[in-house]
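Coordinate inspection notes
This is what each chain is made of:
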Amino acid sequence: MSGAVVHHPVYTGDDTALLDVAEAIAADWAALGVRGSFLARNLDTGQQLGFDIDESTPLASVAKVPLALVVLERIATGDLDPALPVTVDPGTSSVGPTGLAAFRHPATVAVADLVLLMLSVSDNAAADALLGLVPVADVDARLRAWGCDGIRLRHRMNHLYECAAGAAGNDFSLALELAVRDARAGRHTIETLDPAHANAGSAAALVALLGRVWCDEIATPPATAELRRLMGLQVFTQRLASELRTDSLRWSGKTGTFLHLRHEIGVVETESGERVAMAALTRSGRRAGLAPDIDLAIGVAGREAFEALRG
């Protein structure tokens, strides 16, 4: 194994104690065979900790957050009717296990409810229906205009599955094997796992976006308020939220899962008003469709970072 490349994370922390937490999280992930990036930032003090925060990563369903913000801004400015009915046909819509993507018959849903489905249950068909109204190029251009240069939207959600099928046919296990093998070799058989061609972003860019949303420093206040509300309705709690679920904390987040990718971004808020934004972007080094130990490690990272950054 003398030719194996050893990865040395680049750590971020405002003091020695925060750097120690970042190093401990990276070590925990590495012990599970997980590579990735992590950043947590107190939105009120600016203190932060993390590692490899500028590394661009395919976002999977985390890309639905910037998409939602662009759609919600169009609704807030009157350019898009939230009650506009959109018919989604399962025969031509996106693949996915939840929401309209799992339907067997056509359904008609209002635009505002498509945004709800996209964020609460990560509905791929709802996301691509919205991209039928606000094209990918327009979403990406709006992100550029807002100065979100570390986040790129390049394709519809269904393109993830189209590229996987193109490389592995209908064998999802083979696609997962290719993803893991390519990650080790530094290549990309599946195009949408290449940050240069995927919907991609860095932990730093995603936390910056969350900070601007929570502080009403981007888009319009009605759009950011609605995005905060909808992210608070996410039903998936197995990652960052898993260690931050108490009566005195509020978690608002969005997961992203595809092949070996397991992500989540979000904000935890206390009753006293403290706010910590986080982004955990991971790539597993093993062929496992289910990895509760990795989900747990992401949750532990969130809790340890939150405790370290509380005022």
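What you are looking at is a predicted structure, and each value in this text was computed from that prediction instead of being measured.

1. Thoughts on the sheet that holds strand β1 (residues 11-13)
Sheet strands pair via backbone hydrogen bonds, and the direction of the pair is either parallel or antiparallel. Sheet architecture is open: six strands sit in the order β1-β3-β2-β11-β10-β9, paired in antiparallel fashion. In this open sheet, the two strands that pair with only one neighbour each are β1 and β9 (249-258). Taking each pair of neighbouring strands and ignoring which way they run, the sheet shows an average axis angle of 10 degrees. Across 10 bridges, the pairing between β9 and strand β10 (residues 261-270) is antiparallel. Across the sheet, residue Arg 250 finds its bridge partner in β10, namely Glu 269. Those strands touched by helix α1 (residues 16-31) are β1, β2 (34-42), β3 (48-51) and β11 (275-284), and its axis lies near 30 degrees from that of β3. Docked against the sheet, helix α9 (residues 221-231) engages β9 and β10, running at close to 80 degrees with respect to β9.

2. A short note on the state of the cysteines
For the structure shown, the criterion picks out zero disulfides. With no disulfide of its own, Cys 148 lies closest to Cys 215 among cysteine sulfurs, the gap being 14 Å. With a relative accessible area of 8%, Cys 148 lands in the buried category.

3. A closer look at the pairing of β9
For a regular strand, side-chain orientation follows a simple rule: the groups alternate between the two sheet faces. Burial analysis of β9 places eight of its 10 residues in the buried class, the great majority of the element. Once β9 ends, the chain turns through two residues before running back antiparallel as β10, passing Leu 259 with a positive phi of about 50 degrees.

4. A word on the nonpolar core
Counting residues in each nonpolar core, the largest one holds 75 residues, and the members touching the most others are Val 71, Leu 114, Val 115, Met 118 and Leu 227. Those residues in contact with Leu 114 that lie beyond four places of it in its chain are Val 86, Val 88, Leu 100, Val 109, Ala 126, Ala 129 and Leu 130. Within the second largest apolar cluster, 28 residues are counted, among which are Leu 249, Val 268, Ala 297 and Phe 306.

5. Considerations on the sheet that holds strand β4 (residues 57-58)
If you walk across this open sheet you meet the three strands as β4-β8-β7, and the pairing is antiparallel. Each edge of the open sheet is held by one strand with a lone partner, namely β4 and β7 (151-152). Bridge count between β7 and strand β8 (residues 200-201): two bridges; the pairing is antiparallel. The partner of Ile 151 across the bridge, within β8, is Gly 201.

Quick notes on the rules
- Residues numbered from 1 in each chain as written.
- Predicted model: local features only at pLDDT ≥ 70, side-chain atom pairs only at ≥ 80, totals over all residues.
- Heavy atoms only, no water.
- Pairing = 2+ DSSP bridges.
- Helix = DSSP H or I, 4+ residues; strand = E, 2+ residues; numbered from the N terminus.
- Axes fitted to C-alpha atoms, helices over the stretch in contact; angles between N-to-C directions.
- Contact = heavy atoms within 4.5 Å.
- Disulfide = S-S within 2.5 Å.
- Buried < 20%, exposed > 50% of the residue type's maximum accessible area, 1.4 Å probe, protein only.
- Core = buried A, V, L, I, M, F, W, Y, C linked by side-chain atoms within 4.5 Å.

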